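# Per-entry structural report
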Amino acid sequence: MNTIDGSDRHVQTDSAPPPSLLAIVLDTNPHAWAHLSSSLSLSAALANILVFINAHLASGNANEVAVIASHSHKATFLYPTPTAPQPKARNGANGDVAMNGTDDSKGHHIAENPNKYRAFALVESAILKNFAKLLDETNESHLAATPTTLIGGAISLALTYISKSTMLHAPTAASAESMSLAALADSENAHVDRIPLTSRILIVSVSGDLANQYIPVMNSIFAAQRKKIPIDILKLAGDTVLLQQASDATGGVYMKPDRPEGLLQYLMMAFLPDATARASLVIPSAGGVDFRAACFCHRKVVDVGFVCSVCLSIFCSSNLPDNLCLTCGSYLSLRSALINPPALIPRKKKKKRKVGTDSATPGASTPAGSSTPMHP
Amino acid sequence: MSASSSIQALEYLQGLPLQTHRKLYEAPSTVLAVFRCMLPHLAKSIVMAMLYMPSALPAADLEAWFKPSARREREQALSILDRLHILTSKREDDRSLSYSLSQGFQRSLRQAIEGSGTHRTFGVPATKAERREEKLGIDFLDQHARTQWEGILFFMVSGAAGFAPGSVKMDVGPGTKQLLHKGDLVRTVHETPKITKEGFTFVLQETNAQVWNLLIVYLRMGHELGMSETEVLSFLFMLGSLELGQDYSTSTLSDTQLQMLDDLSAMGIVYRSSKDSRTFYPTRLATTLTSDSGALPGTDISTNEKTDSKAQNKGFIIVETNYRLYAYTNSLIQIAILSLFTKLQHRFPNLVSGKLTKESVHRAVQSGITSAQIISYLTTYAHPQMQKSNPPLPPTVMDQIRLWEYEGERVEVTTGYLMREFGSEVEYRDVQGYAEALGVLVWKNDAERCFFVSHVEQISAYLKKKKEGRGGR
């Protein structure tokens, strides 16, 4: 019996963890990086991220990486290089990923370097090439147009890429034998068997003020939550309510380092462990999460807003044109709610008292607190 | 699938002394290979977290980083890092313990993932002048590797299977034969090679594990012949980081490594067009040394290990509840392996049939094959039709094979150390708990306060640390 136990344990500890796919969304917003250049320049950050990517690739033999730049006027893949027009049409959340002459990225023109592991060299040269291309394409009109970055599109790109890779990784699910096996096994086992790829998204963000993309980002967050993809946030500068919520909702890491120049150490320590390793590590997360939403009419973050009873859109004021919801067009009679404010106030007071006494995150404690006393 | 193969290499590596480790860690390609395929997953996280840390990491901080429930995983990761001399622990002035990466390892791993330095350890590609002829295709290299490797396997099983030596065209070089004898995988009895217990374990392994197994024998033998272990190992790890289908220059290799090239090309691990060629090609056997050759879809589905002939034949055995066995194969190796534990009766162009009998299984057990090996072999290669049921093999057959084995085997041998004469119950519980956390505990007896472990180094270090800690207070 002892030997059976012993061998079992041996196998268990040494069984290879599932390959992990890391999709990095790099915020390349020129305005924000210019602001940050005194402590950490974009090129230094990129160098650190390349080292981090190599470390990730080294951590598992089948590990994969995807890098997406969220620039001021478009979101585009830095790695893998988008090749044929067909995948572009499918991937392009923004429709403007089109680039010319990027085929044959893995070509032989990459100089063989005896000092570098080839797999690393391929990724590195592709990223640098695409990044240089992106910067070349950026002109002043792009910069003048917007001070922010297209984070929503970039996250969508990451999600679509992950979903495509997951499908590629699923073991020959079509073959008859595994199908019947899956049917025999209980549903939980079948689930585990068919998704051997663990994915996560890392957003290296420098821009603040992302509230104008509230809706696309929130939708991406919910998609990630549904697919069980953690979104890790490394916030080098600026502060947004939105990304904090993203990491909280999906169970990712949130970090806002005080000293951005130590980027590499933050990456290596907090963001390198994949889902397998995180099971036994304490991961840093945002302490108090700001759960405030942005209104749909002016993209402002609001404390108290008005919600359409049909489509759940949020508005900052009740003065809607013609009393019609801006999103779904339903007629909303806000007058009754305004006439009858006392119904709202006592409830709010109750909530506030709870928040005051409870030191835990306000959002998490309220729903549980209201229901438990009734049904112990 | 690489689990068993990397365990072997890992165990060998752990046995090396500190000096050898130091020298090994000079080469970034070696360090990267050790990191990629030898370390458990959590150990990788620890190493990477500490790689760019400016100061030593206090043990208390490391402990705080892990969840309390993951104590066992932490101890295992630390113990492997310690045994490989990657992590060094130091006692600070205030008696607190702190860890740091060993200097050489840290420097080389940094160079490896940054791609810096001028160490030239990731293989120097051949120049046009050195190549002289057309570049060879991957298909050709695969073919070469397969022929050579199957030749070795067939050589091993042919004796037991009753084929006369030389009756089939496949043959292996004298160097490889010597290697197989040295590793006690094969013994020559009456001029015919006879497979041993170890040899059978070897044959049933995955190709990747087989390669490692043979290379470790080669390492041991090389050591006796005066080849430097460090050079041999770093060359092997370098081979693992090369690109399939690329030819590399021999100009930067040392004499030992040139000698190795000859031996390795006999095994099909590398290919050289001629003995004095100035270039060599790594084959798939080499490039998958330090990787899971398993599924890597998206990158190279078409050139996967799956093209291996063994995998092509995957699923060809049918076992019936009446112990009859039908195998749809015409591969001599498969037939030879089957004949080790089956009484084969008929052979048709694409099918052999036979029966699992008490005698045949007993014969296999006596030559050192375990029932678990037989069952796992039959399960792995069960016909798709059989795999529809769960378990694929009929339970009666599996049980009977086990029972046949147990008839002959009553005693199990494990080498290790007995720990006894503990001062107090508390101390016993503590040390035994630590051993269990390390995963080295084999047997224990609470009443007698003694237990048996397979590895003692970590435990003695732990006891020493405890003693020191008590002395200070």
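Keep in mind that this is a model prediction, so the values were computed, not measured. (Residues numbered from 1 in each chain as written. Chains lettered and ligands numbered in written order. Predicted model: local features only at pLDDT ≥ 70, side-chain atom pairs only at ≥ 80, totals over all residues. Heavy atoms only, no water.)

Take the overall build of chain B next. Per the secondary structure count, chain B includes 23 helices and 15 strands. Classification of the 473 residues of chain B by burial places 52% in the buried group. Taking all contacts inside chain B whose residues are at least 6 apart in sequence as the whole, residues at least 24 apart take part in 67%. (Helix = DSSP H or I, 4+ residues; strand = E, 2+ residues; numbered from the N terminus. Buried < 20%, exposed > 50% of the residue type's maximum accessible area, 1.4 Å probe, protein only. Contact = heavy atoms within 4.5 Å.)

To continue, consider the overall build of chain A. Scanning chain A for helices and strands turns up 16 helices and ten strands. Each of the 376 residues in chain A was classed as buried or not, and the buried ones make up 45%. Long-range pairs, those at least 24 residues apart, make up 68% of the contacts in chain A between residues at least 6 apart in sequence. Accessible area for chain A stands at about 18,800 Å²; split by element, carbon and sulfur atoms hold 58% of it. (Areas by Shrake-Rupley, 256 points an atom, 1.4 Å probe, with all protein chains shown as cover.)

We now examine the environment of Y417 of chain B. All names here are of chain B. With respect to the secondary-structure elements, Y417 resides in strand β13 (residues 417-419). Sequence separation between Y417 and V456 is 39 residues, and the spatial gap between their C-alpha atoms is 6.6 Å. The contact partners of Y417, leaving out residues within four places of it in the chain, are F451, F452, V453, S454, H455 and V456.

What follows covers the packing of aromatic side chains. Evaluated as defined, the whole model comprises 17 aromatic pairs over all chains. A ring pair is formed by Y117 of chain A and F120 of chain A, whose centres lie 5.1 Å apart and whose planes are at 85 degrees; its orientation type is edge-to-face. The residues Y117 of chain A and F120 of chain A share a single accessibility class, namely buried. Taken together, the aromatic side chains of F316, F341, Y377 and Y381 of chain B make up a single cluster linked through ring pairs. (Phe/Tyr/Trp six-rings, centres within 6.5 Å; stacked < 30°, edge-to-face > 60°.)

Where strands meet in a sheet, backbone hydrogen bonds hold them as pairs that are either parallel or antiparallel. Residue and element names in this part refer to chain B. Read from one edge to the other, the open sheet built from three strands follows the order β13-β15-β14, with strand pairing classed as antiparallel. Both outer strands of the open sheet, β13 and β14 (441-445), are each paired with one neighbouring strand and no more. Looking at each pair of strands side by side, their axes are set apart by 20 degrees on average, direction ignored. Of the strand pairs in this sheet, β14 and strand β15 (residues 450-453) are connected by four bridges, and their pairing is antiparallel. Residue L441 lies in a different strand from β15, and its bridge partner there is V453. (Pairing = 2+ DSSP bridges. Axes fitted to C-alpha atoms, helices over the stretch in contact; angles between N-to-C directions.)

Turning our eyes to something else, we now look at the interface of chain B and chain A. The interface is formed by 55 residues belonging to chain B together with 44 residues belonging to chain A. Taking both partners together, chain B and chain A bury about 4,400 Å²; carbon and sulfur atoms supply 59% of that area. The three residues of chain B that bury the most area against chain A are H41, W65 and I113 of chain B, which together make up 15% of that side's buried surface. There are zero salt bridges connecting chain B and chain A. Where chain B packs against chain A, one counts nine residue pairs in polar contact (both at pLDDT 80 or more). Those elements that place two or more of their residues in the side of chain B that touches chain A are α1 (2-14), α3 (28-38), α4 (41-51), α5 (59-65), α6 (71-83), α7 (103-114), α20 (384-387) and β14 of chain B. The leading source of residues in the side of chain B that touches chain A is α4 of chain B, at seven residues. (Buried area = accessible area lost by both parts, 1.4 Å probe. Salt bridge = Lys/Arg side-chain N within 4 Å of Asp/Glu carboxyl O. Polar contact = N/O pair within 3.5 Å; in protein donor to acceptor, adjacent residues only side chain to side chain.)

This part takes up the packing of α6 of chain B against helix α22 (residues 425-438) of chain B. Residue and element names in this part refer to chain B. Where α6 meets α22, the axes come as close as 8 Å, and the angle between the chain directions of the two elements is 75 degrees. Taken together, the axis directions place α6 and α22 in an arrangement best described as roughly perpendicular. Where α6 approaches α22, its residues R71, R72, E75, Q76 and S79 are matched on the opposing element by Y434, E436, A437 and L438. (Parallel < 35°, antiparallel > 145°, perpendicular 65-115°, else oblique.)

This part covers the sheet that holds strand β6 (residues 248-249) of chain B. Residues and elements named next belong to chain B. Taken in spatial order, the three strands make up an open sheet running β6-β8-β7, and their pairing is antiparallel. On the outer flanks of this sheet lie β6 and β7 (270-271), each paired with one strand and no other. In this sheet, strand β8 (residues 279-282) lies alongside β7 in antiparallel orientation, the contact comprising two bridges. Paired with Y271 across the bridge in β8 is Y281.

We now examine the nonpolar core. Counting residues in each nonpolar core, the largest one holds 169 residues, and the members touching the most others are M268 of chain A together with I113 and L378 of chain B. Tallying contributions element by element places helix α3 (residues 42-59) of chain A first for this core, with eleven residues. L157, Y161, L197 and I221 of chain A belong to the second largest nonpolar core, which has 38 residues in total. (Core = buried A, V, L, I, M, F, W, Y, C linked by side-chain atoms within 4.5 Å.)

Residues and elements named next belong to chain A. Across the five residues that make up strand β5 (residues 231-235), a large majority, five, are buried. Of the two faces of β5, both are covered, the one formed by I231, I233 and K235 as well as the one formed by D232 and L234. Pairing of strand β4 (residues 198-205) with β5 involves five bridges; the strand directions are parallel. Of the residues in β5, the one forming a bridge with V204 is L234.

What follows deals with the packing of α3 of chain B against α7 of chain B. Residues and elements named next belong to chain B. Close contact between α3 and α7 brings their axes to 8 Å; oriented N to C, the two are set at 90 degrees. Here α7 runs roughly perpendicular to α3, going by the angle between their axes. Touching P28, V31, L32 and F35 of α3 are F105, S108, L109, Q111, A112 and I113, all from α7. The residue inventory of the contact of α3 with α7, partitioned by class, reads eight nonpolar, two polar and no charged. (Nonpolar A, V, L, I, M, F, W, Y, C, P; charged D, E, K, R; others polar.)

Residues and elements named next belong to chain A. Mean pLDDT over chain A stands at 72; residues scoring 70 or higher make up 68%. Segment residues 86-109 is flagged for pLDDT under 50; beyond a separation of four residues in sequence, or across chains, it makes 40 contacts in the model. In the model, residues 348-376 has pLDDT below 50 throughout and makes nine contacts with residues more than four positions away in sequence or in other chains. (pLDDT = per-residue confidence, 0-100.)

We now examine the confidence of the model for chain B. The predicted coordinates should not be examined in detail at positions where pLDDT is low. Across chain B, pLDDT averages 80, with 89% of residues at or above 70. In this model residues 293-313 of chain B is a low-confidence stretch, pLDDT under 50, and it forms 37 contacts with partners more than four residues away in sequence or in other chains.

What follows deals with the side chain of T138 of chain A. Residue and element names in this part refer to chain A. Here T138 lies in the loop between α5 (118-137) and α6 (140-145). A polar atom in the side chain of T138 sits 2.8 Å from the backbone oxygen of L134. Setting aside chain neighbours within four positions, we find T138 in contact with H71, H73 and L143.

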